[in-house]
Amino acid sequence: MAVFDVTSSDCNAHNEIYRYEMGRYISSNEAVWRILNFPIHERYPTVIHLSVHLENGQRVYFTEGNAAERARFAPETTLTAFFRLCNEDEFARTLFYHQVPRYYTWDSKNKKWSRRKVGQSLSDHPGIKSTDAIGRVYTVHPNNSECFHLRLLLHEVQALCLFNI
């Protein structure tokens, strides 16, 4: 959008609010969502992005202060924490990787999964609460064969079976 204004030469005041409103662009999709009063923010349901990588293949960010520590100990990811959770929690062994966010929350500070405290209780599993959070596993290009097939296994094999291989 192009905006121009013709004013007299003695008008030196700039109306920034007017210029912002005139220069603001709303796409057709956003306009329809606003006209129909659909929510623009606070999307529902919650979507948790789940990493997938090979052993010791997670992304590592180095700074001058943490280089030695990161070289010795790779950071925990949602995937490595999932395998740790399956070793510790019997219910987690019955889940696929993408189902974990329904029953567990990801604590990004402590880098671990914890059972949900709020949600609907499961009748056949006392103490387990469920929400409609969605787990989305990052895509992997088929050229990265080993990682691609790991992603397929995580979608098709329950954690219990992964530990019995």
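Everything that follows concerns the structure shown earlier in this document.
Source: prediction; values computed, not measured.

Chemist: Is there a simple way to explain the overall build of the chain in this structure?
Modeler: Check the secondary structure of the chain and you find seven helices and six strands. In the chain, the succession of α and β elements from N to C terminus is α-α-β-α-α-α-β-β-β-β-β-α-α. A sequence separation of at least 24 residues applies to 53% of the contacts in the chain between residues at least 6 apart. Split by element, the accessible area of the chain, about 12,800 Å² in all, is 52% carbon and sulfur.

Chemist: Please explain the environment of Arg-93 as it appears in this structure.
Modeler: The topology assignment puts Arg-93 in the loop between helix 4 (78-88) and helix 5 (100-103). In this structure Arg-93 comes out as partly exposed when scored by relative accessible area, which is 24%.

Chemist: I would appreciate a short explanation of the packing of aromatic side chains in the present structure.
Modeler: Any two aromatic rings considered together are summarised by their centre-to-centre distance and by the angle between their planes. Applying the stated criterion to the full structure yields five aromatic pairs. Centroid distance Trp-33 to Phe-38: 5.0 Å. Interplanar angle 70°. Geometry classified as edge-to-face. Of the residues examined, Trp-33 reaches a relative accessible area of 37% and is grouped as partly exposed. For the pair Phe-82 and Tyr-97, a centre-to-centre distance of 5.0 Å together with 45° between the ring planes defines the contact as tilted.

Chemist: What should I look at first to understand the side chain of Thr-78 in this one?
Modeler: Within the secondary structure layout, Thr-78 lies in helix 4. Overall, Thr-78 belongs to the buried group, its relative accessible area being 6%. Within the local environment of Thr-78, its side chain forms a polar contact with the side chain of Tyr-97, the two groups lying 2.9 Å apart.

Chemist: Any chance you could explain helix 4 here in plain terms?
Modeler: Since there are 3.6 residues in each turn of an α-helix, residues three or four apart along the chain are aligned in direction. For helix 4, the set of buried residues is Thr-78, Leu-79, Ala-81, Phe-82, Leu-85 and Cys-86. Taken down its axis, helix 4 places every buried residue within 160° of arc, on the same side. Exposed residues pointing more than 90 degrees away from the buried face of helix 4 are listed as Asn-87 and Glu-88.

Basis of the calculations
- Residues numbered from 1 in each chain as written.
- Predicted model: local features only at pLDDT ≥ 70, side-chain atom pairs only at ≥ 80, totals over all residues.
- Heavy atoms only, no water.
- Helix = DSSP H or I, 4+ residues; strand = E, 2+ residues; numbered from the N terminus.
- Contact = heavy atoms within 4.5 Å.
- Areas by Shrake-Rupley, 256 points an atom, 1.4 Å probe, with all protein chains shown as cover.
- Buried < 20%, exposed > 50% of the residue type's maximum accessible area, 1.4 Å probe, protein only.
- Phe/Tyr/Trp six-rings, centres within 6.5 Å; stacked < 30°, edge-to-face > 60°.
- Polar contact = N/O pair within 3.5 Å; in protein donor to acceptor, adjacent residues only side chain to side chain.
- Arc of directions from axis to C-beta.

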